[in-house]
Amino acid sequence: KPLRTLLGLTLLKRIILSSKKAGLEEFVVVVGYRQEFIRKAVAKDPDLKDCVTFVENTEWEKPNGLSVLAAKEALKENFVLLMSDHIFDWKALERLRKQVINEDEAMLCVDHRLDSIFDMDDATKVRLQGDRISRIGKELGVYDAVDTGMFLLTPHIFNVLAENAKNERYSLSESIQEYCNQQKMRTVDIEDVFWQDVDTKESMKHARKVLI
């Protein structure tokens, strides 16, 4: 999926170029399924090959929290976590990366424009208390905003992920809920800028139309 092309750029390259414009310079890409294709695409691209480090998740069949946990040794300072199938306006990421968080906190860009979400059934919803998240998940019946897939995290996330993994709770959302339970999950409003989860043919068509 990260190598699907949208208006001349693969999703992966579009995400990295947008992130560079927002001020990021180094990228850790977690690979697993069909990783040889992603490694090859990056190696032959002059815009990507010198700024990307690869980490392998050998348990890629399991939920996505393990992909984040696999990057533990490569990430020793605060970092931005992005999804390989979420595209976005670089201004949203710039706003997020300039935020200041405590060591045991995390932050998520959220979208309050519920009427404009392309596929609400598939979206990860968030319920808010002020600027903090109280609940997160795809199945929430009552929610205030949608998770855009852009996180600002500290290395503390790896402790949370590892503890949850011991109990076979492997998804990222389950670990983010731990922050919510302690009122440590803060938000940044994406406001009026563009983002799109691109994980189906229909959402790809929608993203192409909006970008044009």
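Above: the structure in question.
Residues numbered from 1 in each chain as written. Predicted model: local features only at pLDDT ≥ 70, side-chain atom pairs only at ≥ 80, totals over all residues. Heavy atoms only, no water.

A. Just the packing of aromatic side chains, in detail. One pass over the full model with this rule turns up 2 aromatic pairs. For the pair Tyr33 and Trp60, a centre-to-centre distance of 5.1 Å together with 50° between the ring planes defines the contact as tilted. Here Tyr33 is found in the loop between β3 (27–31) and α2 (35–43), whereas its partner Trp60 is found in the loop between β4 (52–56) and α3 (65–69), with 27 residues between them in sequence. Looking at Tyr33, the relative accessible area reads 53%, which means it is exposed. A residue is classified by how much of its surface remains accessible, and Trp60, at 39% relative accessible area, is partly exposed. Note on Phe79 and Phe158: the rings are 5.7 Å apart at their centroids and 15° apart in plane angle, and the pair reads as stacked. With Phe79 in strand β5 (residues 79–81) and Phe158 in helix α5 (residues 156–166), the pair connects residues that are 79 residues apart, well separated along the chain. Residue classification places Phe158 among the buried positions, given a relative accessible area of 2%. (Phe/Tyr/Trp six-rings, centres within 6.5 Å; stacked < 30°, edge-to-face > 60°. Helix = DSSP H or I, 4+ residues; strand = E, 2+ residues; numbered from the N terminus. Buried < 20%, exposed > 50% of the residue type's maximum accessible area, 1.4 Å probe, protein only.)

B. Seen up close, the packing of α5 against helix α6 (residues 172–181). One way to put it is that α5 packs onto α6 with a least axis distance of 9 Å and a crossing angle of 115°. Both α5 and α6 take part in a crossing whose hand is right-handed. Across the interface between the two elements, His156, Ile157, Val160, Leu161 and Asn164 from α5 touch Leu172, Glu174, Ser175, Ile176, Glu178 and Tyr179 from α6. Within the contact of α5 with α6, the residues separate by chemical class into 6 nonpolar, 3 polar and 2 charged. (Axes fitted to C-alpha atoms, helices over the stretch in contact; angles between N-to-C directions. Left-handed = near helix turned anticlockwise from the far one by under 90°. Contact = heavy atoms within 4.5 Å. Nonpolar A, V, L, I, M, F, W, Y, C, P; charged D, E, K, R; others polar.)

C. Geometry of the pattern of salt bridges. If you walk through the whole model with that rule in mind, you get 17 salt bridges. Across the pair Lys1 and Asp85 runs a salt bridge, and its minimum N-O distance is 2.9 Å. In this pair, Lys1 is assigned in the segment before β1 (5–6) and Asp85 in the loop between β5 and β6 (86–88), connecting sequence segments 84 residues apart. Given the relative accessible area of 51%, Lys1 is considered exposed. Owing to a relative accessible area of 12%, Asp85 belongs among the buried residues under this scheme. A salt bridge links Arg169 to Glu178, with the shortest nitrogen-to-oxygen separation between them at 3.1 Å. We classify Glu178 as partly exposed; its relative accessible area is 23%. (Salt bridge = Lys/Arg side-chain N within 4 Å of Asp/Glu carboxyl O.)

D. Inspection of helix α1 (residues 11–21) at higher detail. The buried fraction of α1 amounts to 8 of the 11 residues, a majority that puts the element mostly inside the structure. Within α1 the residues assigned to the buried category are Leu11, Leu12, Lys13, Arg14, Ile15, Ile16, Ser18 and Ser19. Looking one or two residues beyond α1, the residue adopting positive phi is Gly23, at roughly 110°.

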